[in-house]
Amino acid sequence: MPSRTTLLVTTAVALAALATPVALAAPAPDPSARAAAAAWDTDRAASAYASNPGAVTASGSENGASGPGAVADGNATTRWSSDFADDAWIRVDLGSTIRINQVKLEWEAAYGKKYVLEVSRDGTNWTDFYTETEGTGGTVTAHTYPQEVTGRYVRMRGVERGTAWGYSLFSFQVYGGEPAPASTTRANLALNHPAFGNLYQHAGNSPAYITDGGWPADLKADRSRWSSDWNADRWVGVDLGATSTISSLDLYWEAAYAVDYEIQVSDDNRNWRTVHRPSATEVAARRADVKSPGEAVGRHDTITLSTPATGRYVRMLGKERRSFHNPAPSTAQFGYSLYEFQVWGTGGSAAAAYPALPENPGGAYTTKFFDDFTGSGLDRSKWRVVRTGTEMGPVNGESQAYVDSPANIRTENGALVLESKYCKGCTSTPNGTFDFTSGRVDTNTKFDFTYGKVSARMKLPVGDGFWPAFWMLGSDVDDPAVSWPGSGETDIMENIGYGDWTSSALHGPGYSADGNIGRQQTYPDGGRADQWHTYGVEWTPEGMTFTVDDRVVQQTSRQKLESTRGKWVFDHNQYVILNLALGGAYPAGWNKVTQPYWGLPQSSVDRVAQGGIKAEIDWVRVEQK
């Protein structure tokens, strides 16, 4: 079948180009036997080429000296260079079917601006697992989790060149291994099987690495490991593919190991039975092992079950994290970090697979939420007023207190007005005394939703340190087992006082704060932030598309986000927020102001004191299918 492209695109032409299949010759038969299983850190493309130079093929080459084999010959100075065609491709026959956990491309100066990485079992029918539309060359590592990427053939299919030349690659590396088959004798049934977990640090530390068969001998190096975010309530597990009889487990921990944990099994991946937990004596000994991060090393736990357990799914549920001196005598706790999770027993099945990622259901949009602020006051059946010290505490080093006052939040001339006020030492809250007040409203508990088109027409104040925003937060942000950034944050529009641009961004585990996935947009034709503009995002199961006045300014697909940055945390309810902040981390990062307030210079303080610094919102709309 032709490949399925999940990245959101702006034109039908681009979509057709990415989805075009390429006809290839029939594959050679799969070898009947392999001498030995490849090591976890083996470049499977290089080993396939070493066994058979014909394993690497391409649509064409610039000349005889730049043939396709150069991407897998182990020589960092040789390269494949395609003919000068946008639809050029290169593929590797790995020689056997494996579960692929990452592909690494090292581009020469002639890079691909748009291209697709695809996998195939037969060399004819291809499925995409990484789509690039804004490539800039360099080294690109595409992690496959949580997609099902199992096959014998891997291909880079070009869509658009980044230069006038062809596509040129120094190397095309593929890593993965053969999934453990069903076994009637004792075996590690988890090897190269699908792994799952809740929140993890970033794409390079996903759950996929606990079943790849690899761990460093010193149990210390940052290689091939799952690492959770910094929360005690985290788990990681494996799908054995079929009901199995489990006799023992081996856990190879990095230094951030669990002091206390449970081993659980399940038949359906929902209902869990605990089959092992360390004794109180073991927990006490592990708890006493406190070292500095630089001195700490991991440990190897071998767990032999007194009575074999049966189940298809097995997981480690963390209960308590290890402590570190950071620095002494204080202690700090990171997350959990596990190199390898081995499950020994009989049963299982190599047919275990990751479920398909959700797709955009299609259909027409209808309006589910709308407010044009034409009433005599804020409609509190739709909006919650947020107050500093009650609904929230101070954040981001901002200078204002949010209060519930018509001086700060009101409707006026058919618009919502959020206005900032200044009065030295006049506003006392449970979080301290503030010199500024401002307004913040949201739809939390009034209208929380998953997926849709979200838009607002707004006019913004311009001046150093004024920070109006139109954004969304995950509705579980106040759950201590989730919190920020695990909840996800969608910044539809932020402005920090510059008249000619705004920004949009996504925040989540592995891509938060200054490391967010964001984009600046500059208004065309001399437009300014203090004029009326419509800001929006289309949020689907497949990605986010941000717009200003219906002009696309940022596109982020789930597929690419999870391949390169971290977990997609935008598959559950969010709520809409409108606010006007003053100063803080984001403005200060640009204007470098530290006095009299962080990110807010005296000239802006004077303007707030004079009055009239306000964000105006004409309307807000949410549409859903």
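Sequence order as written defines the numbering, with residues in each chain counted from 1. In keeping with the predicted nature of the model, local features appear solely for residues at pLDDT of at least 70, side-chain atom pairs appear and are counted solely at 80 or more, and the whole-chain, interface and lining totals rest on all residues. Based on all heavy atoms of the structure, the side-chain values leave hydrogens and waters out of the count.

Our next topic: the overall build of the protein. The way it works is that DSSP assigns letters per residue, a run of H or I at least four long becomes a helix, a run of E at least two long becomes a strand, and they are numbered from the N terminus. Within the protein, the secondary structure is distributed over six helices and 36 strands. The C-alpha radius of gyration of the protein comes to 27 Å, within 12% of the 25 Å expected for a compact globule of 625 residues. In terms of its C-alpha atoms, the protein occupies a principal-axis envelope of roughly 80 × 65 × 45 Å. With 625 residues in all, the protein has 54% of them scored as buried. The size measure is the radius of gyration over C-alpha atoms, and the globule rule it meets is 2.2 Å times the number of residues to the 0.38 power. With a 1.4 Å probe rolled over the protein chains alone, any residue whose accessible area is under 20% of its type maximum counts as buried; one over 50% counts as exposed, and the rest are partly exposed.

A word on the sheet that holds strand E30 (residues 501–507). Pairing in this open sheet of seven strands is antiparallel, and the strands run E20-E26-E35-E28-E29-E30-E31 from one edge to the other. Looking along the sheet, the strands with just one partner apiece sit at the ends: strand E20 (384–385) and strand E31 (517–522). Here, a strand pair is defined by DSSP locating no fewer than two bridges between the strands. Pairing geometry for E30 and E31, over six bridges, is antiparallel. Looking across to E31, one finds that leucine 506 is bridged to isoleucine 517.

So, on to the nonpolar core. Core analysis: the largest hydrophobic core is formed by 43 residues, its most contacted members being Trp383, Leu416, Val454, Met458, Phe470, Tyr535 and Leu578. Mapped by element, the contributors of at least two residues to this core are strand E23 (415–419), strand E27 (452–459), strand E28 (466–474), strand E29 (489–494), strand E32 (533–540), strand E33 (543–548), strand E35 (574–582) and strand E36 (614–624). Membership of the second largest hydrophobic core comes to 31 residues, among which are Tyr200, Trp226, Tyr261 and Leu305. Within this scheme, the nonpolar core is defined by two criteria: the residues are buried Ala, Val, Leu, Ile, Met, Phe, Trp, Tyr or Cys, and they are joined through side-chain atoms within 4.5 Å.

For any part of a model where pLDDT is low, the fine detail of the predicted coordinates should not be relied upon. As a per-residue measure, pLDDT tells how confident the predictor is, with possible values from 0 to 100. Considering every residue of the protein, the mean pLDDT works out to 93; 94% of them sit at 70 or more. Working rule for contacts: check all heavy atoms of both residues, and any pair within 4.5 Å makes them a contact. Across residues 1–35 the pLDDT falls below 50, and counting only partners more than four positions away or on other chains, this stretch makes 71 contacts in the model.

Here the focus is the packing of aromatic side chains. What counts as a ring pair is set by centres within 6.5 Å for rings of Phe, Tyr and Trp (its six-membered ring), and what kind of pair is set by the plane angle: stacked under 30 degrees, edge-to-face over 60, tilted for all other angles. Under the definition given, this model contains 24 aromatic pairs. Summarising the aromatic geometry, the rings of phenylalanine 369 and tryptophan 383 are spaced 5.6 Å apart at their centres and angled 80° between planes, so their arrangement reads as edge-to-face. Note that phenylalanine 369 is positioned in strand E19 (residues 366–371) and tryptophan 383 in the loop between E19 and E20, a separation of 14 residues in sequence. Like tryptophan 383, phenylalanine 369 is buried.

Another aspect to go through is the pairing of strand E24 (residues 421–429). Working note: regular strand, side chains alternate between the two faces of the sheet. Note: E24 against strand E25 (residues 432–438), five bridges, orientation antiparallel. Note that in E25 the partner of tyrosine 422 across the bridge is phenylalanine 436. Counting the residues that bridge the hairpin from E24 to E25 gives two residues.

Turning our eyes to something else, we now look at the state of the cysteines. The disulfide criterion used throughout: a pair of cysteine sulfur atoms within 2.5 Å. Across all of its chains, the model carries one disulfide by this definition. Paired through a disulfide, cysteine 423 and cysteine 426 show a sulfur-sulfur distance of 1.8 Å. Cysteine 423 gets classed as partly exposed once you look at its relative accessible area, which sits at 35%.

Another aspect to go through is helix H2 (residues 44–51). All buried positions along H2 are accounted for by Arg44, Ala45 and Ala48. Buried residues of H2 fall within an arc of 100° about the axis and therefore sit on the same side. Buried positions along H2 lie against strand E3 (89–107) and strand E8 (168–177). Polar contacts here mean pairs of N or O atoms no more than 3.5 Å apart (in protein, one a potential hydrogen donor and the other a potential acceptor; neighbouring residues in sequence count only if both atoms are side-chain atoms). A distance of 3.1 Å separates the backbone nitrogen of alanine 45 from a side-chain oxygen at the start of H2, and that oxygen is part of aspartate 43. In this description, one arc is meant: the one made by directions from the helix axis to the C-beta atoms.

The subject of this paragraph is the side chain of histidine 507. Here histidine 507 shows up in strand E30. Overall, histidine 507 belongs to the buried group, its relative accessible area being 8%. A polar side-chain atom of histidine 507 sits 3.1 Å from the main-chain amide nitrogen of alanine 513. Filtering out sequence-adjacent residues up to four positions away, histidine 507 remains in contact with Trp484, Pro485, Gly488, Glu489, Asp491, Ser512, Ala513, Asn516 and Phe570.

All right, on to the pattern of salt bridges then. Whenever a carboxyl oxygen of Asp or Glu lies within 4 Å of a side-chain nitrogen of Lys or Arg, that contact is scored as a salt bridge. Per the stated rule, a full pass over the model turns up 37 salt bridges. The residue glutamate 616 makes a salt bridge to lysine 459 at a minimum N-O spacing of 3.8 Å. Here glutamate 616, found in strand E36, pairs with lysine 459, found in strand E27; they are 157 residues apart in sequence, far enough to count as distant. For lysine 459, a relative accessible area of 23% translates into the label partly exposed. Salt bridges sharing partners connect three or more residues here, namely Arg410, Glu412, Glu419, Lys421 and Lys614.

In this section: the sheet that holds E25. Ordered by their spatial adjacency, three strands build an open sheet running E21-E25-E24, and the pairing between neighbours is mixed. Each edge of the open sheet is held by one strand with a lone partner, namely strand E21 (400–402) and E24. The mean inter-strand angle of the sheet, taken between neighbouring strand axes irrespective of direction, is 60°. Relative to E25, E21 runs parallel, the two being bridged by three bridges. Considered in E25, the bridge of glutamine 400 is made with phenylalanine 436. Axis angles are defined between N-to-C directions and span 0 to 180 degrees, where every axis is a line fitted to C-alpha atoms and, for a helix, only to the segment in contact. Against the sheet, helix H6 (residues 602–610) touches E24 and E25, its axis set at about 85° to E24.

A few words now on the environment of tryptophan 568. Structurally, tryptophan 568 can be placed in the loop between helix H4 (558–564) and E35. When the C-alpha atoms of tryptophan 568 and serine 557 are compared, they prove to be 9.5 Å apart, with 11 residues separating the residues in sequence. Separated by 3.5 Å, the side chain of tryptophan 568 and the backbone oxygen of phenylalanine 570 make a polar contact.

Now for the pairing of strand E7 (residues 150–161). Summarising burial for E7: 11 of the 12 residues are buried, a large majority. Pairing geometry for E3 and E7, over seven bridges, is antiparallel. Each residue of the ladder has a partner; that of aspartate 93, found in E7, is tyrosine 153. Summarising the sheet, strand E4 (residues 112–120) and E7 pair through eight bridges and their orientation is antiparallel. Bridging across to E7, tyrosine 115 finds its partner in glycine 158.

What follows deals with unusual backbone geometry. The omega torsion of the bond from tyrosine 145 to proline 146 falls at 5°, within 30 degrees of zero and hence cis. Turning to its location among the elements, proline 146 is positioned in the loop between strand E6 (139–143) and E7. In this structure, proline 596 follows glutamine 595 across a cis peptide bond, with omega equal to 0°. Within the secondary structure, proline 596 sits in the loop between helix H5 (585–591) and H6. In the Ramachandran plot, asparagine 192 falls in the positive-phi region, its phi being about 55° despite a non-glycine side chain. Locating asparagine 192 in the fold gives a position in the loop between strand E9 (183–188) and strand E10 (195–197).

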